[in-house]
Structures are given as C-alpha cells and as structure tokens.
Protein chains: 2
Amino acid sequence: MSLVENIPYDELQIGQCASIERTVSERDVQLFAEVSGDRNPVHLDAEYAAGTPFKERIAHGMLTGALISAAIAGHLPGPGSVYLGQNLRFLRPVKLGDQLRIELEVLEKLPKQRVRLATRVFNAQNKAVVEGEAEVLAPKDKLRLALTALPPIQVG
Amino acid sequence: MSLVENIPYDELQIGQCASIERTVSERDVQLFAEVSGDRNPVHLDAEYAAGTPFKERIAHGMLTGALISAAIAGHLPGPGSVYLGQNLRFLRPVKLGDQLRIELEVLEKLPKQRVRLATRVFNAQNKAVVEGEAEVLAPKDKLRLALTALPPIQVG
C-alpha cells in the first residue's frame with residue numbers, strides 16, 4: 001500500500017522543490033488516447049507517424065500536463081491540495097520511451113493558503129519539453145493517506 | 001472506423017466554434033488515475049471523499065484539460081495541429097457523472113499559422129468548470145484521416 005504525505009501551507013518555503021521521474025511508454029499513450037478521446041494516429045500508429053514532421057510517434061502534449069498534476073497532488077504540496085490553475089508551454093515533442101523528470105518549485109506564497117509553483121518537465125537530454133506555472137490551494141493540515149488501488153479495467 | 005477532418009489555417013475564422021460533449025464516468029477517473037499516477041482517494045474512494053469539503057468523489061482537474069486537448073486535436077483545428085500552449089483555470093469541481101460541454105472558439109489568427117483559441121468547459125447546469133486559452137500551430141493542408149483503434153490493455 002502506497003502512503004503519501006502532504007506539506008501544509010505553513011511548512012511550504014519559497015524555493016522548495018520536488019521532482020518525479022517517469023518514462024513515457026506506449027501503454028501510457030494508449031491509455032491517454034482512451035481517456036481523452038484523442039486517437040490521432042500521430043500518437044498511436046508508427047507507420048503514419050513516420051510520414052509526419054515528427055518522424056515517429058509522439059505523446060499527447062497534455063499527458064505531460066497529467067504528470068505535472070500528479071506530482072502536485074502526490075508530492076508538493078501533496079494530498080489535500082486544490083488545483084486552481086495551470087499554464088503550460090509545450091516546447092518540444094515527447095517521444096515514446098522518453099524518460100521525463102517533472103520538477104516543481106515553490107515560487108510564491110499568496111494569501112489564503114494559495115501558492116504559485118513553477119512546473120517544468122525535462123527529457124533525458126535535459127532539454128525542457130514543457131514549462132509553466134501552477135496555482136494551488138495548499139492544504140491547511142498535515143495529511144498522510146493511502147493511495148487507492150484500482151479495480152480491473154479493460155481497454156480496447 | 002472514425003474519420004476526422006481538420007480545418008486548415010487559411011479556412012479558420014475569428015469566432016469559429018466547435019464543441020464536444022462528454023459525461024465523466026467512474027471509469028474515466030480510474031483510467032486518468034492510472035495514466036497520471038494520481039491515485040488520491042478524493043478521486044477514487046467514495047467513502048473517503050464523503051469526508052472532504054467536496055462531499056463526494058471529484059474528477060482530476062487535468063482530466064478536463066485532456067478533454068480540451070482532444071477537442072482541439074479532433075475538431076478545431078483538428079488533425080495536424082501542434083499544441084503550443086494552454087492556460088487553465090479550474091473554477092468548479094467536476095463530479096462523477098457530470099455531463100460536460102467543451103467549447104472552443106477561435107479568438108485570434110497569429111502569424112506563422114498560429115491561432116489563439118478560447119477553451120471553456122461547462123457542466124450540465126451551464127456553470128463554467130474550466131476556462132482558459134490555447135495556442136495552436138494550425139495545419140497548413142487539408143487532412144482527413146482515420147482514428148487508430150486501440151489494442152486490448154488491462155488496468156488494475
């Protein structure tokens with residue numbers, strides 16, 4: 001059972017960072033296609049993608065957004081956070097197999113428990129693929145909880 | 001086989017709109033938890049969620065971002081678009097079973113085939129749950145293509 005713990009507003013400090021790593025798999029792209037409804041062949045069909053300017057399949061841009069949101073929800077500030085806003089710039093394509101590092105940094109503590117975070121994603125070559133900022137309502141109280149296990153789901 | 005068609009840059013007009021509807025199911029939230037890695041019980045565990053300020057399970061905020069990205073990729077401008085940026089404000093929680101309407105509108109045509117879109121999401125009570133803007137590199141050429149079928153995938 002995975003336990004996660006948050007960092008309440010009062011404990012957050014400017015410059016505080018968290019990062020997670022994630023390799024983008026073919027399965028990730030297929031699941032994102034299913035849940036978003038975007039089954040464009042540039043993401044799913046290697047032969048089709050070879051004829052595009054990208055030369056190979058690329059992940060959906062917003063899959064990286066999903067990873068940023070999970071890093072916020074799980075790590076900084078973590079459980080009990082409420083997502084208020086997110087800006088994203090998609091700087092470079094993410095290819096299947098790319099190993100991504102999602103980095104969060106506390107930029108500013110705002111009134112009413114709100115915080116502004118830098119949200120940056122780098123590939124294995126250390127090139128930024130996404131940059132942006134999030135605004136989050138940070139949790140007031142310390143919270144430590146178990147992540148929920150998923151039931152079996154069949155796709156495709 | 002689903003066919004989709006794009007609207008090339010030269011055919012896009014200021015004020016042009018597209019919208020899709022989507023009911024957020026428990027399965028959607030479970031799949032988004034799997035692909036993002038955010039298995040926070042506020043999204044997945046009805047009993048836990050009943051004790052939160054939301055009183056019931058809510059969808060991940062970025063699931064709505066995924067639906068916006070799919071509307072852009074599939075409808076306006078559609079296939080061949082390149083996602084450059086997205087701003088999101090999460091205004092209200094999305095509950096499981098909520099019927100969402102994702103609305104896109106061309107706000108501005110920029111140089112070098114870029115367009116700025118309003119991206120708004122409403123619930124069945126016609127309340128805005130997300131608002132924001134996207135910047136997209138619109139396709140130069142007309143494109144009509146078949147969406148890719150997904151292979152079987154097992155989750156959980």
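Residues numbered from 1 in each chain as written. Chains lettered and ligands numbered in written order. Predicted model: local features only at pLDDT ≥ 70, side-chain atom pairs only at ≥ 80, totals over all residues. Heavy atoms only, no water.

1. A word on the overall build of chain A
Phase 1 of the analysis: Looking only at helices and strands, chain A features 4 helices and 8 strands.
Phase 2 of the analysis: Its helices and strands in sequence order give chain A the pattern β-β-α-α-α-α-β-β-β-β-β-β, from N to C terminus.
Phase 3 of the analysis: On the principal axes, the C-alpha backbone points of chain A span a range of 50 × 35 × 25 Å.
Phase 4 of the analysis: Within chain A, the fraction of its 156 residues that count as buried is 53%.
Phase 5 of the analysis: Put simply, chain A shows about 7,000 Å² of open surface, and 48% of that area lies on carbon and sulfur atoms.
Phase 6 of the analysis: Separation between the mean location of the 18 positive side-chain charges and that of the 19 negative ones in chain A comes to 3 Å. (Helix = DSSP H or I, 4+ residues; strand = E, 2+ residues; numbered from the N terminus. Buried < 20%, exposed > 50% of the residue type's maximum accessible area, 1.4 Å probe, protein only. Areas by Shrake-Rupley, 256 points an atom, 1.4 Å probe, with all protein chains shown as cover. Lys, Arg positive; Asp, Glu negative; His and termini not counted. Charge placed at Lys NZ, Arg CZ, Asp CG, Glu CD.)

2. Remarks on the packing of helix H1 (residues 26-36) of chain A against helix H4 (residues 61-74) of chain B
Phase 1 of the analysis: Relative to each other, H1(A) and H4(B) sit at 85 degrees, their axes nearing to 9 Å. The angle between H1(A) and H4(B) places the two elements in the roughly perpendicular class. Within the contact between the two elements, H1(A) uses Phe32(A), Val35(A) and Ser36(A) and H4(B) uses Leu63(B), Ala66(B), Leu67(B), Ser69(B) and Ala70(B).
Phase 2 of the analysis: Of the residues contributing to the contact of H1(A) with H4(B), the split by class is 6 nonpolar, 2 polar and no charged. (Axes fitted to C-alpha atoms, helices over the stretch in contact; angles between N-to-C directions. Parallel < 35°, antiparallel > 145°, perpendicular 65-115°, else oblique. Contact = heavy atoms within 4.5 Å. Nonpolar A, V, L, I, M, F, W, Y, C, P; charged D, E, K, R; others polar.)

3. As for the interface of chain B and chain A
Phase 1 of the analysis: Taken together, the contacts link 53 residues of chain B with 53 residues of chain A.
Phase 2 of the analysis: With both chains or domains summed, chain B and chain A bury close to 4,800 Å², and 58% of this area falls on carbon and sulfur atoms.
Phase 3 of the analysis: The largest per-residue losses of area from chain B upon contact with chain A belong to Val35(B), Leu150(B) and Ile153(B), which jointly make up 15% of the total buried on that side.
Phase 4 of the analysis: Between Glu135(A) and Arg89(B) there is a salt bridge whose closest N-O contact spans 3.2 Å.
Phase 5 of the analysis: The interface formed by chain B and chain A includes 19 residue pairs in polar contact (both at pLDDT 80 or more).
Phase 6 of the analysis: At the level of elements, helix H1 (26-36), helix H2 (41-44), H4, strand E3 (82-90), strand E7 (144-146) and strand E8 (153-155) of chain B are the ones that each hand at least two residues to the side of chain B that touches chain A.
Phase 7 of the analysis: Taken together, the 5 bridges between strand E3 (residues 82-90) of chain A and E3(B) define a ladder with antiparallel strand orientation. Across the sheet, Leu88(A) pairs through a bridge with Gln86(B), a residue of E3(B). (Buried area = accessible area lost by both parts, 1.4 Å probe. Salt bridge = Lys/Arg side-chain N within 4 Å of Asp/Glu carboxyl O. Polar contact = N/O pair within 3.5 Å; in protein donor to acceptor, adjacent residues only side chain to side chain. Pairing = 2+ DSSP bridges.)

Without other data, these values stay purely geometric and don't point to any function.
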